[in-house]
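Chain by chain, the residues run as shown.
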Number of protein chains: 4
Amino acid sequence: MRESSSTLPEYGIGLIGTGFMGRAHALAFGNANAALDLPARLRLTALADADSARAERCAQAWGFERSHANWQYLIDDAQVQIVAITTPNHLHFPMAMAAIAAGKAVYCEKPLAVSLAQADQMRRSAKVAGVVTQVGYNYQHNPMIGLAREMIDAGELGEIVSFQGEFSEDFMGDAQSPWSWRCEAAHAGGALADLGSHLLAMARYLLGDVEAVCADVNTVHRQRPAQSGSAELRDIAVDDQTHALLRFANGARGTFSSSWLKHGYKNHLCFEISGTKGTLAFDQERLNELRIYRAGAPGRDGFQRLLAGPSLPGYAAFCPAPGHQLGYNELKALEVQALVLSLCGQGRRGPDFEEAWQIERLATAIRLAAEQQRWIALADI
Amino acid sequence: MRESSSTLPEYGIGLIGTGFMGRAHALAFGNANAALDLPARLRLTALADADSARAERCAQAWGFERSHANWQYLIDDAQVQIVAITTPNHLHFPMAMAAIAAGKAVYCEKPLAVSLAQADQMRRSAKVAGVVTQVGYNYQHNPMIGLAREMIDAGELGEIVSFQGEFSEDFMGDAQSPWSWRCEAAHAGGALADLGSHLLAMARYLLGDVEAVCADVNTVHRQRPAQSGSAELRDIAVDDQTHALLRFANGARGTFSSSWLKHGYKNHLCFEISGTKGTLAFDQERLNELRIYRAGAPGRDGFQRLLAGPSLPGYAAFCPAPGHQLGYNELKALEVQALVLSLCGQGRRGPDFEEAWQIERLATAIRLAAEQQRWIALADI
Amino acid sequence: MRESSSTLPEYGIGLIGTGFMGRAHALAFGNANAALDLPARLRLTALADADSARAERCAQAWGFERSHANWQYLIDDAQVQIVAITTPNHLHFPMAMAAIAAGKAVYCEKPLAVSLAQADQMRRSAKVAGVVTQVGYNYQHNPMIGLAREMIDAGELGEIVSFQGEFSEDFMGDAQSPWSWRCEAAHAGGALADLGSHLLAMARYLLGDVEAVCADVNTVHRQRPAQSGSAELRDIAVDDQTHALLRFANGARGTFSSSWLKHGYKNHLCFEISGTKGTLAFDQERLNELRIYRAGAPGRDGFQRLLAGPSLPGYAAFCPAPGHQLGYNELKALEVQALVLSLCGQGRRGPDFEEAWQIERLATAIRLAAEQQRWIALADI
Amino acid sequence: MRESSSTLPEYGIGLIGTGFMGRAHALAFGNANAALDLPARLRLTALADADSARAERCAQAWGFERSHANWQYLIDDAQVQIVAITTPNHLHFPMAMAAIAAGKAVYCEKPLAVSLAQADQMRRSAKVAGVVTQVGYNYQHNPMIGLAREMIDAGELGEIVSFQGEFSEDFMGDAQSPWSWRCEAAHAGGALADLGSHLLAMARYLLGDVEAVCADVNTVHRQRPAQSGSAELRDIAVDDQTHALLRFANGARGTFSSSWLKHGYKNHLCFEISGTKGTLAFDQERLNELRIYRAGAPGRDGFQRLLAGPSLPGYAAFCPAPGHQLGYNELKALEVQALVLSLCGQGRRGPDFEEAWQIERLATAIRLAAEQQRWIALADI
């Protein structure tokens, strides 16, 4: 075996879950290793899935060294330093708590937990244990979002005045789309938790704290087939769509919508942020673009479409020239990079458990405001 | 003089006001006569402006037979059957009431009045007097809006589920944009009255009654120069932006925004209406287009851009082929057509004083909800 | 009758033709009078149509003082100073020549004539007679096109390097779209004459002379029904689509396409002009917009969408604020303004017979290049 | 070591070159292994670069088992079955010929060679040797392009009538952009070879053979700095932009443009293909979208924007839902999949040396047509 010229530290990854997000993580680790200038090497140490045959098959396909049917073994594995959790939402809590107890870094998919109390316990435990944590609000790792943040922070838009945000998809648009665990509140289901939380994360990332909310929660299809094509119906209690008013600590005001039955939209996490000097607009369905307007001479002003390009380091790592375009999976690789930077003490960009708890708190305030039909101050949550 | 072969009735127009909207009316009467197949002829009888020289100059330029400095003379003019009011908002009430008293049809610019009480009195008086009235919510006379209404009524979108609407401009975006009467509540100033009322009119036209609202009203620049470039500052109390949640009687829920300082937008009356079968989207900045999505086969669905064309009668009157495009002034001509049809007893499309009062009522509910920081039921207004 | 305070000269219009373009002219004269600050008044003196009843009916509807069945009478009418010709193409020549002979100004729809020889005779006669002429290439009167020209002339794009232009519609896209006079070469039919000539006019307006062309002319449907739904077929010889390469005298190179069977396009006169410093792009289907790119800092550059607004005088005459949008008919009114300015000796903007002959010459070169399958220098036409 | 449950064959990759395309290949092999359901496993066997330290460093970073400074060693490596060539264009020939001589499959970046004669020799040698070859025209592996091809083949557009294609970028837009090997004809430089060849590949992939061409080749900046910022100038002979007319064997006609100095465009490989029933439009700058128009009822027709989604297998492999978006690097992974399918005898989708030679032949015809200022039939090349 050749001698490694590299003196980089190495982190062993233990990945729990082999569904779509499991594979997305596997791709992201590989791409981060190959394309990003990481201060450490990632080693695909172990993969866990309750179905042991599937675990082993995926481990081989994705390049993991070993597989486990029992996720606790993976957490206990001495060669695993990072536990990546991609299982259904209700399992985040036990797995993350076990990983924290074992002193491992935790990289958990969103939403962090199925209740605010759980989330609170998780962030406290992580803090006490001093482990690095990160939650998969991947959209904010988009270099174009980084650019938006930079513009806002540099005052290019002036004082921020308004936020209009929406995250709509239509995968539950058909009344015959069947029940799934996403339809259970106990699994953090519903459009607000599933989609809206991404938008809340984004709003906080770009504009900071929200102080008060008012909201309206709505279940359009109150029954859905128990299974695809089934005549049996199950009652649905979670929201199909949620609308809210937001008041930010910085004075900005705005609207928030999340829906999983707005026909025509597939990944429409979009927002407009406007200030005293300009406006910027983004839509995740065109993730390599940002539209910016700067107040200027009448008749010579207008929205400008910026295309992602190599002046943004996260883009340059993957594409040599503008217009080539990053894909969804590369946002995950950039998320992995943020995690590794945190682990190596080189800054912190990804949302950790503390921030994920703040996001849950905000979602909880929205739910409460809708329930009680009144404005809720975040300070009261 | 040639003998007229026409047996059409003739209506004499008396127009009050020579500002931008005055001219827009004058153009609209001319274009309606020449291009639209009206059941009556419009005669440009009299033009009134307090500045008599200006009144006469404009009368000649725009083809009116005579001019008056005193608007009451115009209303009393026996040859005037339609009184068109394009003066600042606080004058709508006395002029309209005088016209109603004289038994004339009234065509009044929006907003109808500077208070809900005034509006209420105007609609009651018009009803008692039995005169035809119309208010200048011109955007709904766009044939593409007519098509949207037709699609909704025909159930092409299924049951309506959501409404996201915004009317933003940026003409007050600069903190140095000076005070004007539009900054006075007593003149029905502020972004909600000036712009938002158009969007409320549109929402009601397309989706019907709103049952409850919650809202947030915000003045960003609390002082503005008394005049352009002046060092003297005046306090501003009206809203620069208003955000609201809407609940429609048909069950749809949604968001509402109006702003006159959202940089980059010039006439951004836009909305998305989504139902159980599809979604449609419109933006006044591209008034000849409508985007429609119909739920379909995965991978073969997608938003479709419809271009206005001669299959829509209001368009065909002005342009022989799709893609030629109507302009803003032709929407006013179509508004005039709606008025003439009402006068001739051939249907009623334009919003009358009754409907304009409903719009004011809704705006009032929004203001109250913001003031009292709570949901307001329209039934309580 | 009131005394006119105006000392403006007055021009009597004689309009020949009552089809769509006839009405567009009538609307344009009215709108020009009412909205544009003309150095003269236009009087709607006479309207001619071979069908005398129709002539009279339209004259009344459109506000003309009298009507004629014989167009020669209209030309001979002493109160007519401007003869406007909106008849089928083959009639342009005799009518214009008669008007020139009578010393009248001529405002003729495009294309100027049905042969280059005719066009040549017309421009020579007009020159000898010293009459003002103008041809209806209305799209260049769009204020956004004026802005484009201004940007190019001011060097904002640097040295011009390339032109990509296309004028496509789809009204002949269906193989069952029947024969019409537009399918006859003797009537200046075919996509190149009907649509392409507008694009050639635009290219010349913006970039000046073309020096050489190479081209490909193509008839896709070589037979069409004699009438709608008819089983009888007529042979078609004119082009359904034409593609060409252009070399401009200024060194720019480019492509040209015109088609009347390109599905999806309704009025797609579009072009991109690129220089050593930037690029601009326009599409007539969104006539109030211009996209401009200025070479700038990598990552902060991008195409900017300009919206027509009142900083452009031709726009300000009709709309008080950006985003309101001009329509097709207002471009005709601006064309009328250009004519009146020419008549009053205040500049010359509209293409006259001389320029229209140059456009025909260029179209002829394209046809010849296609026929002979070789490059043709304009100097040889 | 665990026992592999897999019975898949394994192919050893030998990659030559460590520049941007080298890394793109490395990422693509990894992503193809992890995400695509390949009938074989790819093994990253060896990496070659003349700079041995760089070769070893990249080998470790990208996961290759060993490195070589001498590419011939890599070709001779018994464990290498696929030789991937990502070096500058003039090296494609000797490397590919050596790989063919060694009986290895060859995966070569575009353009295939620096002369048509070389390309001809390469395709003949590959044929005689019976080795599998593939050339990196990666854009056609986009699932949306696959969908476009499927639509065309299924007759959804009817008979194809026209093609308008353009590949523009602006990386040489600045006159001060320095000379590089891309400016040398002997290295297959110039906009036509560098960019245009991608568009020719696409045109052939979608519409088949071109029969005749006419063209115009243009060098705008005839001298460029020898190096960035240098005062020394070098003469440039290759094209900055090329425009052409194309006649396809299927009867379609069209235009072609390629430029590397068209400001504002970063990866603007775009085309419109129109037939007797509809039109489709694509722009590589939005690679996850396809616009389609189907002739339909007037007023209810319009271009529809399709978004890539999991109904397309190549997309589903990477993203679970529409709107998530593939990136450039995933197109390369799909290209690798095509190569593996060819190797396993399961169909042939990627362009092989034979097809790449056809593309070179077409580019050569375009160059000749420009040189000789006449139409050139492909049959004469």
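Residues numbered from 1 in each chain as written. Chains lettered and ligands numbered in written order. Predicted model: local features only at pLDDT ≥ 70, side-chain atom pairs only at ≥ 80, totals over all residues. Heavy atoms only, no water.

Named according to an unreviewed UniProt entry, chain A is 1-carboxy-3-chloro-3,4-dihydroxycyclo hexa-1,5-diene dehydrogenase originating from Pseudomonas floridensis.

This paragraph deals with the environment of A40(B). All names here are of chain B. Here A40 lies in the loop between α1 (20–35) and β2 (41–48). A relative accessible area of 1% places A40 in the buried class. For the pair formed by A40 and V340, sequence separation is 300 residues and the distance between their alpha carbons is 7.0 Å. Here A40 is in contact with L8, P9, Y11, V340 and C344, once residues within four sequence places are set aside. (Helix = DSSP H or I, 4+ residues; strand = E, 2+ residues; numbered from the N terminus. Buried < 20%, exposed > 50% of the residue type's maximum accessible area, 1.4 Å probe, protein only. Contact = heavy atoms within 4.5 Å.)

Right, let's talk about the UniProt feature "domain: GFO/IDH/MocA-like oxidoreductase" (unreviewed entry) in chain A for a bit. The feature "domain: GFO/IDH/MocA-like oxidoreductase" (unreviewed entry), as annotated in UniProt, sits at residues 148–280 of chain A in this numbering. For residues 148–280 of chain A, helix accounts for 17% and strand for 38%, while the C-alpha atoms at its two ends are 8 Å apart. (UniProt positions renumbered as here; feature names shortened; annotations may be inferred.)

A pair of packed helices can be characterised by two numbers: the angle between their axes and the separation between those axes. Residue and element names in this part refer to chain B. Two numbers describe how helix α7 (residues 191–207) lies on helix α10 (residues 353–372): the axes approach to 9 Å, and their chain directions differ by 120°. Crossing handedness for the pair α7 and α10: right-handed. For the pair α7 and α10, contact is made by L192, A193, S197, L200, A201 and R204 and by E355, Q358, I359, L362, A363, I366 and R367, respectively. A breakdown of the residues in the contact of α7 with α10 according to their chemical character gives eight nonpolar, two polar and three charged. (Axes fitted to C-alpha atoms, helices over the stretch in contact; angles between N-to-C directions. Left-handed = near helix turned anticlockwise from the far one by under 90°. Nonpolar A, V, L, I, M, F, W, Y, C, P; charged D, E, K, R; others polar.)

The subject of this paragraph is the interface of chain A and chain B. With 45 residues of chain A in contact, the opposing surface of chain B contributes 45 residues. In total, about 3200 Å² of surface goes out of reach between chain A and chain B, with carbon and sulfur atoms giving 51% of it. For the interface between chain A and chain B, the tally reads eight salt bridges. The closest approach of N and O atoms between K262(B) and E272(A), which form a salt bridge, is 2.6 Å. Between chain A and chain B we count 26 residue pairs in polar contact (both at pLDDT 80 or more) in total. Elements that contribute at least two residues to the side of chain A that touches chain B include exactly β7 (160–168), β8 (210–218), β11 (241–248), β12 (253–259), β13 (268–275), β14 (278–283) and β15 (289–294) of chain A. (Buried area = accessible area lost by both parts, 1.4 Å probe. Salt bridge = Lys/Arg side-chain N within 4 Å of Asp/Glu carboxyl O. Polar contact = N/O pair within 3.5 Å; in protein donor to acceptor, adjacent residues only side chain to side chain.)

Each partner contributes to the interface: chain C provides 45 residues, whereas chain D provides 45 residues. Contact between chain C and chain D buries roughly 3200 Å² in total, counting both sides, with carbon and sulfur atoms accounting for 51%. In this assembly, chain C and chain D are joined by eight salt bridges. We note a salt bridge from K266(C) to D301(D), for which the minimum N-O separation is 3.2 Å. Seen at the junction of chain C and chain D, the total is 26 residue pairs in polar contact (both at pLDDT 80 or more). Of all elements in the fold, only β7 (160–168), β8 (210–218), β11 (241–248), β12 (253–259), β13 (268–275), β14 (278–283) and β15 (289–294) of chain C reach the threshold of two or more residues within the side of chain C that touches chain D. Taken together, the residues of the side of chain C that touches chain D sort by class into 14 nonpolar, 19 polar and twelve charged.

Time to look at helix α5 (residues 116–129) of chain B. Residue and element names in this part refer to chain B. The end-to-end C-alpha distance of α5, which contains 14 residues, comes to 20 Å, matching closely the 20 Å that a straight helix rising 1.5 Å per residue would cover. Within α5, the full set of buried residues consists of Q118, A119, D120, M122, R123 and A126. On the buried face of α5, the contacting elements are α4 (92–101), β6 (133–135) and α10. Phi turns positive, to about 70°, at G130, one or two residues after α5. (Expected span 1.5 Å × (residues − 1).)

Our next topic: the packing of aromatic side chains. Residue and element names in this part refer to chain A. Evaluation of the coordinates by the stated rule reveals 40 aromatic pairs over all chains. Cluster of aromatic residues (ring-pair linked, three or more members): F20, Y139, F167 and Y328. Directly above the aromatic system of F303 lies the positively charged group of R291, at a separation of 4.6 Å from the ring centroid. (Phe/Tyr/Trp six-rings, centres within 6.5 Å; stacked < 30°, edge-to-face > 60°. Lys NZ or Arg CZ within 6 Å of the ring centre and 35° of its normal.)

Aligned on chain B, chain A shows an RMSD of 0.0 Å; the corresponding rotation is 180° and the shift along the axis is 0.0 Å. In symmetry terms, the pair is related by a two-fold rotation axis. Considering only C-alpha atoms, the residue of chain A closest to the rotation axis is R374(A), which sits at 2.9 Å. Of all interface residues in chain A, 100% are interface residues in chain B too; the two copies therefore contact each other through one and the same surface. (Least-squares fit on C-alpha atoms with pLDDT ≥ 70 in both.)

Next up on the list: the sheet that holds strand β5 (residues 105–108) of chain B. Across a sheet, strands are paired by hydrogen bonds formed along the backbone, either parallel or antiparallel in direction. Residues and elements named next belong to chain B. The sheet built from six strands is open, its strands ordered β3-β2-β1-β4-β5-β6 with parallel pairing. With one partner strand each, in any of the chains shown, β3 (66–68) and β6 form the two edges of the open sheet. Averaged over all pairs of adjacent strands, the angle between strand axes in this sheet comes to 25°, irrespective of strand direction. Sheet strands touched by helix α9 (residues 328–343): β1 (10–16), β2, β4 (82–85), β5 and β6. Its angle to β5, the strand with the most contacts, is close to 160°. (Pairing = 2+ DSSP bridges.)

Turning to the sheet that holds strand β4 (residues 82–85) of chain D, a few remarks are in order. Residue and element names in this part refer to chain D. Pairing in this open sheet of six strands is parallel, and the strands run β3-β2-β1-β4-β5-β6 from one edge to the other. The sheet is open, and its two edges are formed by β3 (66–68) and β6 (133–135), each paired on a single side. For this sheet, the mean inter-axis angle between neighbouring strands, taken without regard to orientation, is 25°. Bridge count for strand β1 (residues 10–16) against strand β2 (residues 41–48) is seven bridges, and the pairing is parallel. Each residue of the ladder has a partner; that of G14, found in β2, is A46.

Once that is clear, we can look at unusual backbone geometry. Residue K110(A) is joined to P111(A) through a cis peptide bond whose omega torsion reads -10°. You can see P111(A) is positioned in the loop between β5 (105–108) and α5 (116–129). For Q325(A), which is not a glycine, the phi torsion comes out positive at approximately 85°. Even without glycine at this site, A188(B) takes up a positive phi of about 60°.

On to the side chain of E109(A). Residue and element names in this part refer to chain A. Considering the arrangement of structural elements, one finds E109 in the loop between β5 and α5. Given the relative accessible area of 6%, E109 is considered buried. A polar atom in the side chain of E109 sits 2.7 Å from the side chain of H25. Not counting chain neighbours up to four residues away, the residues in contact with E109 comprise M21, H25, I85, T86, H92, V135, G136, K332 and E335.

Attention shifts here to the environment of A84(C). Residues and elements named next belong to chain C. Within the secondary structure, A84 sits in strand β4 (residues 82–85). Judged by its relative accessible area of 0%, A84 is buried. Between the C-alpha atoms of A84 and H187, which are 103 residues apart in sequence, the distance is 19 Å. The contact partners of A84, leaving out residues within four places of it in the chain, are G14, L15, I16, H25, F29 and Y107.

We now examine the domain arrangement of chain A. Residues and elements named next belong to chain A. Per the domain assignment, the segments of chain A are domain 1 (10–138) and domain 2 (141–323 + 353–380). Placing the centre of domain 1 and that of domain 2 at their C-alpha centroids yields a distance of 26 Å. Contact residues are listed per partner, giving 27 residues for domain 1 and 22 residues for domain 2. Counting each side, the surface lost to burial between domain 1 and domain 2 is near 2100 Å², with a carbon and sulfur contribution of 66%. A per-residue breakdown of the area domain 1 buries against domain 2 is headed by L116, R123 and Y137, which together make up 32% of the total. Linking domain 1 with domain 2 are one salt bridge. Between R123 and E354 there is a salt bridge, with the nearest N and O atoms lying 3.0 Å from each other. For the pair domain 1 and domain 2, the interface holds six residue pairs in polar contact (both at pLDDT 80 or more). Taken together, the elements giving at least two residues each to the side of domain 1 that touches domain 2 come down to α1 (20–35), α4 (92–101), β5, α5 and β6 (133–135). (Domains from an automatic or database assignment.)

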